[in-house]
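# Results of the structural survey
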There are 2 protein chains.
Amino acid sequence: MQNSFTEENYLKIIHALSGRDGLEVSTNALAESTSTRAASVTDMLRKLAEKGLIHYKKYQGVRLTESGEKVAINVIRKHRLWEVFLVEKLGFGWDEVHDIAEELEHIPSDHLVERLDSFLGHPRFDPHGDPIPDAKGNLTEPDYLILTDVEIGEKVRMMGVLDHAPSFLQHLDRAGITLGCILEIKEINEYDKSASVQIEDKQTLFISLEVSKNLLVQRR
Amino acid sequence: MQNSFTEENYLKIIHALSGRDGLEVSTNALAESTSTRAASVTDMLRKLAEKGLIHYKKYQGVRLTESGEKVAINVIRKHRLWEVFLVEKLGFGWDEVHDIAEELEHIPSDHLVERLDSFLGHPRFDPHGDPIPDAKGNLTEPDYLILTDVEIGEKVRMMGVLDHAPSFLQHLDRAGITLGCILEIKEINEYDKSASVQIEDKQTLFISLEVSKNLLVQRR
DNA sequence: AAAAAAATTTAGACCAACCTAAAAATTGAT
DNA sequence: ATCAATTTTTAGGTTGGTCTAAATTTTTTT
Ligand SMILES: [Mn+2]
Ligand SMILES: [Mn+2]
Ligand SMILES: [Mn+2]
Ligand SMILES: [Mn+2]
């Protein structure tokens, strides 16, 4: 029995919401993320439980089973590989690829995914810095810092984003903040908690707290 | 209002069945091609007519409108471009790509198609020799001959296939008949109407009538 | 021109994925 | 511990795309 487009999306979202410790996900949270109503989510949860893809007890929230986890991670693998393709091969900006990948991730051919992966040179990360699961379904989240946790004077490398919204990514483009670039925190401005950040040893600019909260970085 | 996956498939199939002169297509023919029942086809035709995509009068068969033709040709463009991608970039065989392209053809981004087209170098033909419509929707079917219409002694170039079934394409692979290769009809065998054909000035082999009927070629 | 055969449409139903409104269970506050 | 607020589920309905069976129209044969 094949999983539908919609089922795959639910599984992917349950995976995202349950975080790295596989916490229980609530019906309302799913309704929010899927842009549907709680009643519709309940219907779908019954079906996914029926198929053995989630652990579900009424009123108790939901977790992925082994097999649900496998499906979810495979969808994530496809999503991120296609994003790499769109950026690296077709020249899209990192702010343009999410919605297209949201469709491509449901194309159902293992053969296709493996060939795409090798065509792309087995990339480890997608254009937003998110790790790409391997063919066996291993997904290791690197533990990056959030820019707000970095001390004044430290130099860090920009490794990823928490917010994937086009408007956020475009804002980073305008600021010259790209994946891999070096950032140095010069000071934290008392007034609005913004950070003065020097980018690639060149210009220094104000980064709002809102932005800092969404930047993943690594000490070096 | 967007067209669904299913609607696009109907339009594409109506296009294919109505041929180059835009003949009327019957309900039963569509049921056959869509692997559904005539009753289901009738339902869908009412909907497509509602949306202005087809000309449909009860019991009278169906033709595409201008706007239906545009949609159909765009789906065909996407199908064939993705097939080129799968063969040229991912290394699939020409016998493996149809089903995957059948899914990819419904990914709805004009931006994506145009970038894919230029990534592929604006190919004119797909891996089966079928012409790829341009971005404006112009589709010109080259007028090839069928191998059965070629006289003994003539040399022709192999330009395409009528049957796209994997088993047929694999049979051609085993025979060494590839797109662009030169074929010379040595004789027609009385017994089974098979043709003795010399391939690329090398080995000569028997080509059954069944196969000959499905090979498109060009005089040279 | 009638009857028979074939093609097509209508009627009535099903399933997936959604909805609203109402009922039930859980959580949290006093 | 009770009551109120919140969350979740159930009940009943809609839409898209499909089905079977029956009715209707068209085509073919006699
Ligand atoms: Mn994405
Ligand atoms: Mn991404
Ligand atoms: Mn298709
Ligand atoms: Mn093709």
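The name given to chain A in an unreviewed UniProt entry is Transcriptional regulator MntR, with the source organism recorded as Dyadobacter frigoris. On record in UniProt, under Sequence similarities (unreviewed entry), the comment for chain A is "Belongs to the DtxR/MntR family." We quote the UniProt Function (unreviewed entry) comment for chain A here in full: "In the presence of manganese, represses expression of mntH and mntS. Up-regulates expression of mntP."

## Let's talk about the overall build of chain A
Along chain A, the regular secondary structure elements total eight helices and eight strands. Reported as C-alpha extents along the three principal axes, the dimensions of chain A are approximately 55 × 40 × 25 Å. Taking all 220 residues of chain A together, 46% fall into the buried category. The contacts in chain A between residues at least 6 apart in sequence include a share of 61% that link residues at least 24 apart. For chain A, the exposed surface amounts to about 11,800 Å²; the carbon and sulfur share of it is 48%. Within chain A, the 37 negative side-chain charges are centred at a point lying 4 Å from the centre of the 26 positive side-chain charges.

## A short note on the domain arrangement of chain A
Under the domain assignment used here, chain A contains domain 1 (5-64), domain 2 (73-141) and domain 3 (145-219). For domain 1 of chain A and domain 3 of chain A, the distance between their C-alpha centres works out to 34 Å.

## Focus: the relation of the copies chain B and chain A
Between the two copies, chain B and chain A, the superposition gives an RMSD of 0.1 Å; the rotation angle is 180° and the shift along the axis is 0.0 Å. In the structure described here, the two chain copies are related by an operation that fits a two-fold rotation axis. Of the C-alpha atoms belonging to chain B, the one lying closest to the rotation axis is found on B:Leu104, 3.8 Å away. Most of the interface of chain B is mirrored in chain A: 100% of its interface residues are interface residues there too.

Parameters and conventions
Every residue gets a number counted from 1 within its own chain, in the order that chain's sequence is written. Chain A is the first chain written and ligand 1 is the first ligand written, with later ones labelled in order. Note on the predicted model: pLDDT of at least 70 is required for a residue's local features to be given, and 80 or more for side-chain atom pairs to be given and counted; whole-chain, interface and lining totals, by contrast, use all residues. The basis for every side-chain value is the complete set of non-hydrogen atoms in the structure, without hydrogens or water. UniProt positions are given in the numbering used here, feature names are shortened, and annotations may be inferred rather than shown by experiment. For the purposes of this entry, the term helix denotes a DSSP run of H or I that reaches at least four residues, the term strand denotes a run of E that reaches at least two, and both are numbered from the N terminus. Whether a residue is buried, partly exposed or exposed follows from its accessible area with a 1.4 Å probe, protein chains only, as a fraction of its type maximum: under 20%, in between, or over 50%, in that order. Pairs of residues are marked as contacts when any of their non-hydrogen atoms sit within 4.5 Å. Computed by Shrake-Rupley with a 1.4 Å probe, the accessible areas treat only the displayed protein chains as cover when residues are assessed. Charged residues are defined narrowly, with Lys and Arg counted positive, Asp and Glu counted negative, and His plus the chain ends left uncounted. The location of each charge is read from NZ of Lys, CZ of Arg, CG of Asp or CD of Glu. All the domain ranges listed were derived from an automatic or database domain assignment. Least squares is used to superpose the copies, and the fit set is the C-alpha atoms of residues whose pLDDT is at least 70 in both copies.

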